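Each chain, letter by letter, is given below.
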Amino acid sequence: MSPSELTGTREATVIEMFDPVEPRLVLDRVRAAAQSAGPLTLVLAGQLHLDRKTQEPYLALALSTPRTVRHTAVPWRKLAAAVEGAAGTVTALVDLVADPLAWRHVQRSPLSLGQDVGLYGRVTGPPQRGRTATPDYLNACLTLWGRRGRPEPAELHRLALACAGEEGVLAVSGGPAPRGEATVEERAEAPVDDAPADDAPAAPVAYGLDSLDAILDAAREGRHEQASEAAAVAHARTLDVDGSLTPETVLWMEVRAELAHLAADPVRSCADWLTVAEARLDRGEGCDAAEVEACVDRAHHQWHRIRSAPEIVRLAPRLLELRRLVPGRRPGALADVQDRVELRSSVRVLSVRPARSPDSAVLLLNL
């Protein structure tokens, strides 16, 4: 089906994200599409998980598991925030399979993408053992679009649900959320002020090896620049006195890598952990040493959190070289790096016909 047939307009832009792995990339694409001129249809097929700690629903991505949703999946509330204030009308069609916890949750708190978004579709419970769930609802939508033109969303939803079957299904039919009562997503979005008050005096951070706890405390309190400066000074002093490969110097290298992690700077953290691993190997530590494995694993983990494709590619050769020496205890780590470099962008633009005033923009997320 061509983009214009899919949208029912003369011109359209269709973007598909197939097996995306980066939550921020998905949100950036949704946000950008929402700000484009013309109506937006957001199509979601995939799994819905619930974070055990926060009781918040997440849209699973390619690498998501129930235990890793906070790091590998898209929070439903952030998806709603991404389409908030869209330039045109937004209609979302969803066909989701919920895990057991998420299934119970959506039965109590139906999904919403905000008061201004028409949300239609279905959520099904976990499939029986040995069976695979299929997006029958969305398949029916495509069939109906092809045969009946482009029905209004409510009518399309009714017909598609009838075609796909309603047994064991929680239908999602989008009316605005009731005013005056916060939704689950809005409650989850409530800001938490962990930062110190503006008028609170900053605790001094002493320099030197005995100030390690103070530096880490400063970072945990959000004073990342101060903590990073203190660690850099301590590292430089240790380097001058003891040399580059002493245990004390390597310790401060590790501290700086961890501080970058606490500051949510995966590029710097990844590079620093790679440097620590290389230093440990240069010190004569074995490729199977627990400390060396831990450094490479941490670098690999931070590399997966990098959103910038150029930075991913820039750091990949060092990580590949270390992964060949230190494959780690999880199978497939080396192949994971190779695959991500080759497929660093999981976005495929199926058809783009730019126009000064596009009639429609359709974002397809096939998860």
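Above: the structure in question.
Residues numbered from 1 in each chain as written. Predicted model: local features only at pLDDT ≥ 70, side-chain atom pairs only at ≥ 80, totals over all residues. Heavy atoms only, no water.

> Tell me about the pairing of strand 2 (residues 40-50), and please be specific about residues and values.
Each regular strand carries side chains that alternate between the two faces of the sheet. With ten of eleven residues buried, strand 2 is to be regarded as a mostly interior element. Bridging between strand 2 and strand 5 (residues 90-98) involves nine bridges; their strand directions are parallel. By the bridge assignment for strand 5, Leu40 is matched with Val90. Pairing of strand 2 with strand 3 (residues 57-59) involves three bridges; the strand directions are antiparallel. By the bridge assignment, His49 is partnered in strand 3 with Tyr58. (Buried < 20%, exposed > 50% of the residue type's maximum accessible area, 1.4 Å probe, protein only. Helix = DSSP H or I, 4+ residues; strand = E, 2+ residues; numbered from the N terminus. Pairing = 2+ DSSP bridges.)

> Which residues make up empty space enclosed by the protein, and what values do they have?
What the rule picks out here adds up to one cavity of 30 Å³ or more. Approximately 30 Å³ is the volume found for the largest cavity. For the largest cavity, the full set of lining residues is Ala219, His224, Ala227, Ser228, Leu259, Ala263 and Arg268. Tallied by class, residues from the lining of the largest cavity come to four nonpolar, two polar and one charged. (1 Å grid on protein atoms, 1.4 Å probe; cavity = no way out; pocket = protein on both sides within 12 Å on 5 of 7 lines; lining within 4 Å. Points joined across faces, edges and corners; volume = space filled by probe spheres on them. Nonpolar A, V, L, I, M, F, W, Y, C, P; charged D, E, K, R; others polar.)

> Break down the layout of surface pockets for me, citing the residues and quoting the values.
What the largest pocket holds in volume is close to 790 Å³. If you trace the largest pocket, you find 23 residues lining it, with Leu63, His300, His301, His304 and Arg330 closest to the centre. Broken down by secondary-structure element, the contributors of at least two residues to the lining of the largest pocket are helix 3 (69-72), helix 13 (290-304) and helix 15 (333-342). For the lining of the largest pocket, the leading source of residues is helix 13, giving four residues. A per-class count over the lining of the largest pocket returns six nonpolar, nine polar and eight charged.

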